[in-house]
Amino acid sequence: MWLQPLDPLGYLASSALVASSPIIMLVVALCVFKVSAVKAAFLASISAFIVALLVYRAPFAVVLLSYLYGAAFGLWPIAWIVVNAMFLYRLSEETGSLEDLRRWMESNLPNERSLVALFTALLFGGLVEGVDGYGFPVAITASLLSSLGLSPFKSVIVSLIANTVTVPFASLGVPVATLAKVTGLELRGICTQLSVQLTVYSVVISGLIIATTSGLRRLLKFLDVTLVAGLSMGLAVYVASAYLDPNLSGVLAPLTSMVTTLGYLRVRGLRSESRVDLRTALRGWLPWVLAVTILTGSSLARAYTLVEMKLPIPGLHGEVKNPLYESVYQAVYEWQLVAHGTLILAIALVLAFTAGLKFRSLLGLYVETWRRMGEAVAVIIQVLGASFLMNYSGLSLTLGYALSMSGPLFPMLSGFIGWLGTFVSGSVTGSNAFFGNLQRVSAELLGFPPVLAASLNSTGGIFGKIISLQSVAVGASAVKLKQGEGEVVKTLLPYSLGLTLSLGVLAYLQVWYQV
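This structure is a prediction, so every number in the text was calculated from the model and none was measured.

Draft legend 1. Structural context of a nonpolar patch on the surface. On the surface, M25, F42, L43, I46, I50 and L54 cluster together to form a nonpolar patch covering roughly 530 Å² of accessible area. Ranked by residues supplied to the nonpolar patch, first place goes to helix α3 (residues 37-55) with five residues. The residue F42 is located in helix α3 in this model. Accessibility expressed as a relative area gives 48% for F42, which makes it partly exposed.

This is how it looks when you write it as structure tokens:
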């Protein structure tokens, strides 16, 4: 069994700097040298291999197998979900369902791009995220916004900013359930602290969406709509987390905000004068209502366990020990036939045959969708491979441990630990699994509320997800934004870092006022 070194160079700051080299490589390659996302992910992977082998002295089997483990996870279930979600979207175009949805939006929303973006990206996208994450909402909302008139670049920017508030409750609460499990803290306690933070950021994110789409003047003009959408979303998260079922917060909150916001627009007289009949509305919403209903039902019924294989990875499973927790890493690849990606594909096929599409044209469309999303799939595979490699080789542990040793600055930097975990892995669930207990232990040693520290890991994670290359690549591929990933990351980096810094200030306020 190999013991991970916490500080391989004997000086924690130097070890942390070296451990961060794959992340630095990724950002510099994208933002400075403007290489493609595929090449940037490849360079980051090479950097991770070199540091793991030469600095951390990790066994070659651990390095290689952890990378392959991550790559396999990236292909199934993540890429499988993203590609089939995009196929469902393409089918909605072919069958005319997307046009019906566009007409419904035109009749129920004002002729104002910023408010359409707010409804589509934050509320509808938040609902999709609450049911199933893994890039599904970014791909769908970016494509929808592009079809509704936003530029491809702005569509991706807005979708990534919006894909935040319901992320901790994605897939019916998997990230927060994981956090509670690894920390041993009470789920409702974590979610109550978390929902206080998300209530604030629901309003902030709503304002950012409008300002990013149409500028500050539009934000001031529609400040009331911003507050209604953001507060109704945030307060619904709080009520569901504190008094109902935290696992349903990601579904109940956006649904509540959808109804509240549409009602407010109607009361204020901002609704369009055009109308569509019920049949048109049903055709437009049918693919997405089916997806949300079936995926929610399958998750609640645990249908994914019907056909599954659990494959322990020889040479990796039980072969790596974490010196901080005195725990042994597990490495079991789980393959589930009735995964969300499979269900989305089934929904798409049923809709296609119902609409009378021929098998040959359907097959051609599916192949073309894989080609269109090919680069995104390649990025997902490499990023997840590098992420798993960094976790099993100890690089991520060194980075998180260094940030946790910040003393009085811990509340300010606690969110950055979650940010780091999600930026690297593309997943708040992964960040919670890896750094959740580190947050709890560090908080207890420093006399900081452990429940609050755990919640900061999730909230910091949603801001890291804004610029996670996995999410960026999915959005860019969905709208055919060629070679634009670096510009997207460069544009969103100040948002991501600024929001995470503000989270530190909010953490101090929560401690001060015991909220």
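Draft legend 2. Focus on the pattern of salt bridges. The final tally for this structure, using the stated rule, is 11 salt bridges. Close ionic contact of D100 with R103 constitutes a salt bridge, the shortest N to O distance being 3.8 Å. Here R103 and D100 lie together in helix α5 (residues 97-108), a separation of three residues that amounts to about one turn. Using a relative accessible area of 36% as the deciding quantity, one classes R103 as partly exposed. Look at the salt bridges and you will find they share partners, linking R90, E93 and E368 into a network.

Draft legend 3. Layout of the nonpolar core. Counting 165 residues, the largest nonpolar core has L122, I209 and Y392 as the members making the most contacts within it. In terms of residue count, helix α4 (residues 60-94) provides more of this core than any other element does, 17 residues in total. In this view, I209 contacts A117, L118, L122, V158, I161 and A162; residues no more than four positions away in its chain are not counted. Grouped together as the second largest cluster of nonpolar side chains are five residues, L179, A180, L185 and I190 included.

Draft legend 4. Quick look at the side chain of Q439. One can find Q439 in helix α20 (residues 428-446). Given the relative accessible area of 0%, Q439 is considered buried. When sequence neighbours within four positions are dropped, the list of residues in contact with Q439 reads F410, S414, I417, G418, A453, A454 and N457.

Draft legend 5. How the structure looks around unusual backbone geometry. Residue P77 follows W76 across a cis peptide bond; omega there is 25°. Relative to the helices and strands, P77 is located in helix α4. Although it is not a glycine, R57 adopts a positive phi angle of roughly 55°. For R57, a relative accessible area of 61% corresponds to the exposed category. Backbone geometry at K480 places phi at a positive 60°, although glycine is not the residue there. Turning to its location among the elements, K480 is positioned in the loop between α22 (469-478) and α23 (485-513).

Draft legend 6. Spatial organisation of the packing of α4 against helix α15 (residues 340-354). The interhelical angle for the contact between α4 and α15, taken along N-to-C directions, is 20°, at an axis separation of 8 Å. The angle between α4 and α15 places the two elements in the roughly parallel class. Considering only the axes of α4 and α15, their crossing is left-handed. Seen from α4, the contacting residues are W76, W80, I81, N84, A85, F87, L88 and L91; seen from α15, they are H340, G341, T342, I344, L345, I347, A348, L349, L351 and A352. A class-by-class count of the residues in the contact of α4 with α15 yields 14 nonpolar, four polar and no charged.

The rules we used
Residues numbered from 1 in each chain as written. Predicted model: local features only at pLDDT ≥ 70, side-chain atom pairs only at ≥ 80, totals over all residues. Heavy atoms only, no water. Patch = residues over 30% accessible without salt bridge, like charges linked within 9 Å, V, L, I, M, F, W, Y side chains within 5 Å. Areas by Shrake-Rupley, 256 points an atom, 1.4 Å probe, with all protein chains shown as cover. Salt bridge = Lys/Arg side-chain N within 4 Å of Asp/Glu carboxyl O. Helix = DSSP H or I, 4+ residues; strand = E, 2+ residues; numbered from the N terminus. Buried < 20%, exposed > 50% of the residue type's maximum accessible area, 1.4 Å probe, protein only. Core = buried A, V, L, I, M, F, W, Y, C linked by side-chain atoms within 4.5 Å. Contact = heavy atoms within 4.5 Å. Axes fitted to C-alpha atoms, helices over the stretch in contact; angles between N-to-C directions. Parallel < 35°, antiparallel > 145°, perpendicular 65-115°, else oblique. Left-handed = near helix turned anticlockwise from the far one by under 90°. Nonpolar A, V, L, I, M, F, W, Y, C, P; charged D, E, K, R; others polar.

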